[in-house]
Structures are given as C-alpha cells and as structure tokens.
Amino acid sequence: MTYRPVEIITLEESFKKYTESRNSSVSFDSGIYEIGTNDLTGKISCIDFNPRNGAAEIGYYVIPEFRNKRYATEAIELMLKLLFQCEDVKKITAQTGSFNHGSVKILNKLKFHLDGKLRQHHKLNDEYFDENLFSILKNEYTLKEIENKIWMIILWIRERSNFFKRLILKN
C-alpha cells in the first residue's frame, strides 16, 4: 500500500505525472468518457499491483462539473470486473481522505470494507485530515455480483406478476 500526500499541482504537472505513470509496468490509467459525446469526465487508475499478495490499488478522479453523475461509480465497477478477472488479483484497495465525502460514499455503496485510518495523514489548506483505507476481496465482489443478479430476477418476477395481476383484473 502506498502513502502519497495530497498535492495541489498545475494541469501541466498533472499531464507530466500521467505520462510518467503510463510507462510503469505496475500501473495503468484509463480515461472516463461520457457516452455519446466522448467528453473526458475523469480518470481511473490501477496505481499499484503487488503480485506477491495478490493486491491491486485503484485511484480515480472525476472533473468537478461531472461529479454526482455516477461516472466514478461505473468506472470503479468496470475496473473491479477487469481486475478480478485476473487470477492473481485477490484484493483491491482504495484510499481516500476523510474530507472526500463523495468518494467515501461511493466506496461504501460498492461494498468496500473500511480497513482502517491513517490519522492526520493529509495536510490540505493548513489542516490535517485522516486517510481512509478501503478494500474489497474477490469473494466479496463475487457474492455482490450474485446478489445483484438475484435482485434483478426478483424485480423481473415482480414486474411480470404485476402485469399478470392487471391482466386478470382486466378480464
């Protein structure tokens, strides 16, 4: 697990870091694009992969004007599917500052487990914040996928039964 401070950097510095990370064998970045317009809305990354422990760390960023529109949630879901298809990946981790309520909400929604906190880990605007450490295991993710499919079947049956009830009441 890595421990990186929050950085306030320029757009040029961000592009430079992105270019450097693309040349790394243990990480990769992908843009998050809006369907239909192909506008770049953010990025998602596999920051680190530890083959010995079977753990991969993800990171993500959504441009402020595109936040609260499910872009991060859907990108993380796709990244989980992609990484958990690899036999060697047993666990995916994500870190976020305690001040980032949106990110905490997304990780909780996706059933990540809060493993711990690094107290007063980030200094931002002359204030210190905790770092939240989250993870999801492959077997937890698989169970979540099964639960989602069961709910889809239940909703399908409920929808069909309502249709048949209306049909019977009509006649």
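Residues numbered from 1 in each chain as written. Predicted model: local features only at pLDDT ≥ 70, side-chain atom pairs only at ≥ 80, totals over all residues. Heavy atoms only, no water.

## So, the sheet that holds strand β1 (residues 28-33)
Strand pairing in a sheet is mediated by backbone hydrogen bonds. Such pairs are either parallel or antiparallel. We apply this condition: Whether two strands pair depends on DSSP finding at least two bridges between them. The helix and strand labels rest on DSSP assignments: H or I over at least four residues marks a helix, E over at least two residues marks a strand, and numbering proceeds from the N terminus. Every axis in this analysis is a line fitted to C-alpha atoms, fitted for helices over the stretch in contact. Angles between the N-to-C directions lie between 0 and 180 degrees. The contact definition used throughout considers only heavy atoms, calling two residues in contact when any of these lie within 4.5 Å.
Read from one edge of the open sheet, 6 strands run β1-β2-β3-β4-β6-β5, paired in mixed fashion. Either end of the sheet is taken by a strand with one partner, and the two such strands are β1 and β5 (113-124). When the angles between neighbouring strand axes are averaged without regard to direction, this sheet yields 25 degrees. Where strand β2 (residues 40-50) and strand β3 (residues 55-62) come together, 8 bridges link them in antiparallel fashion. Of the residues in β3, the one forming a bridge with D48 is E57. Sheet strands touched by helix α2 (residues 71-84): β1, β2, β3, β4 (91-97) and β6 (127-137). Its angle to β3, the strand with the most contacts, is close to 160 degrees. The strands that helix α3 (residues 101-109) touches are β3, β4 and β6; relative to β4, the one it contacts most, it runs at about 155 degrees.

## Here we look at the packing of aromatic side chains
In plain terms, the rule: Aromatic rings from Phe, Tyr and Trp, taking only the six-membered ring of Trp, are treated as a pair when their centres fall within 6.5 Å; an angle between ring planes under 30 degrees marks them as stacked, one over 60 as edge-to-face, and anything in between as tilted. Whether a residue is buried, partly exposed or exposed follows from its accessible area with a 1.4 Å probe, protein chains only, as a fraction of its type maximum: under 20%, in between, or over 50%, in that order.
Throughout the structure, instances matching the rule amount to 3 aromatic pairs. Between F84 and Y141 the ring centres are 5.2 Å apart and the planes differ by 35 degrees, which places this aromatic pair in the tilted class. Within this pair, whereas F84 is found in helix α2, its partner Y141 is found in helix α4 (residues 138-170), the two being separated by 57 residues in sequence. You'll find F84 and Y141 in the same group, each marked buried. Measuring from ring centre to ring centre gives 4.9 Å for F99 and F129, while their planes differ by 65 degrees; the resulting arrangement is edge-to-face. Of this pair, F99 sits in the loop between β4 and α3 while F129 sits in strand β6, and the two are 30 residues apart along the sequence. Overall, F99 belongs to the partly exposed group, its relative accessible area being 29%.

## Focus on the pattern of salt bridges
The line we're drawing: One speaks of a salt bridge when a side-chain nitrogen belonging to Lys or Arg is within 4 Å of a carboxyl oxygen belonging to Asp or Glu.
Evaluated as defined, the whole model comprises 3 salt bridges. With its nearest N and O atoms 3.6 Å apart, the salt bridge here joins K43 to D29. Taken together, the residues span a long stretch of sequence, with K43 in strand β2 and D29 in strand β1 at a distance of 14 residues. Here K43 falls in the partly exposed class, since its relative accessible area comes to 33%. In the salt-bridge network here, residues are joined through shared partners; they are R70, E74 and E77.

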